[in-house]
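The lines below spell out each chain.
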Amino acid sequence: MSIRILFILTMILLLTSCEDHVEKIKEPTKAIESSYDIDIRKATTSVNLTKADLAWHAVNTYGWDCEEVVSKDELNSDGYFCIKCSSGLKLHVYPRQGQHPKITNESGGYE
């Protein structure tokens, strides 16, 4: 009986530590967490962008007040997706073939 209890407690401990590990591997969201700060040459794509990469482009390429991307929608039929920044700003992101994404405000402008 005590071996079963020990086994169950061990399994609970293992599962709990795995959940903690998964929490720590979340997608980076802040501009300063983007790999572009380490290697700017990577900033020439619209493919597989993390929230951190989007925040980096919003701040460094376009000058938006978007140090962190807190949410990202799916690509819509109009060819863009929406992101929401920690500042409350909502932006449209247009992926482009072979270059960084175009990022505009909700009206399609840059101001």
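1. Quick notes on the pattern of salt bridges
Reasoning step 1: For the structure on display, the rule yields one salt bridge.
Reasoning step 2: A salt bridge links Asp 39 to Arg 41; the nearest nitrogen and oxygen atoms lie 2.9 Å apart.

2. Topic: the side chain of His 92
Reasoning step 1: Positionally, His 92 belongs in strand E3 (residues 90-96).
Reasoning step 2: On the basis of relative accessible area, His 92 is assigned to the buried category, the value being 8%.
Reasoning step 3: In this structure His 92 touches Tyr 80, Phe 81, Cys 82, Lys 102, Ile 103, Thr 104, Asn 105 and Glu 106, once residues within four positions along its chain are discounted.

3. Here we look at the pairing of E3
Reasoning step 1: Bridging between strand E2 (residues 81-85) and E3 involves four bridges; their strand directions are antiparallel. When the sheet's bridge partners are listed, Lys 84 is paired in E3 with Lys 90.
Reasoning step 2: Examined bridge by bridge, E3 and strand E4 (residues 99-105) share five bridges and lie antiparallel to one another. Bridging from a neighbouring strand, Val 93 pairs with Ile 103 of E4.
Reasoning step 3: The hairpin formed by E3 and E4 contains two residues between the paired strands, and Gly 98 there has a positive phi angle of roughly 70°.

The rules behind these values
Residues numbered from 1 in each chain as written. Predicted model: local features only at pLDDT ≥ 70, side-chain atom pairs only at ≥ 80, totals over all residues. Heavy atoms only, no water. Salt bridge = Lys/Arg side-chain N within 4 Å of Asp/Glu carboxyl O. Helix = DSSP H or I, 4+ residues; strand = E, 2+ residues; numbered from the N terminus. Buried < 20%, exposed > 50% of the residue type's maximum accessible area, 1.4 Å probe, protein only. Contact = heavy atoms within 4.5 Å. Pairing = 2+ DSSP bridges.

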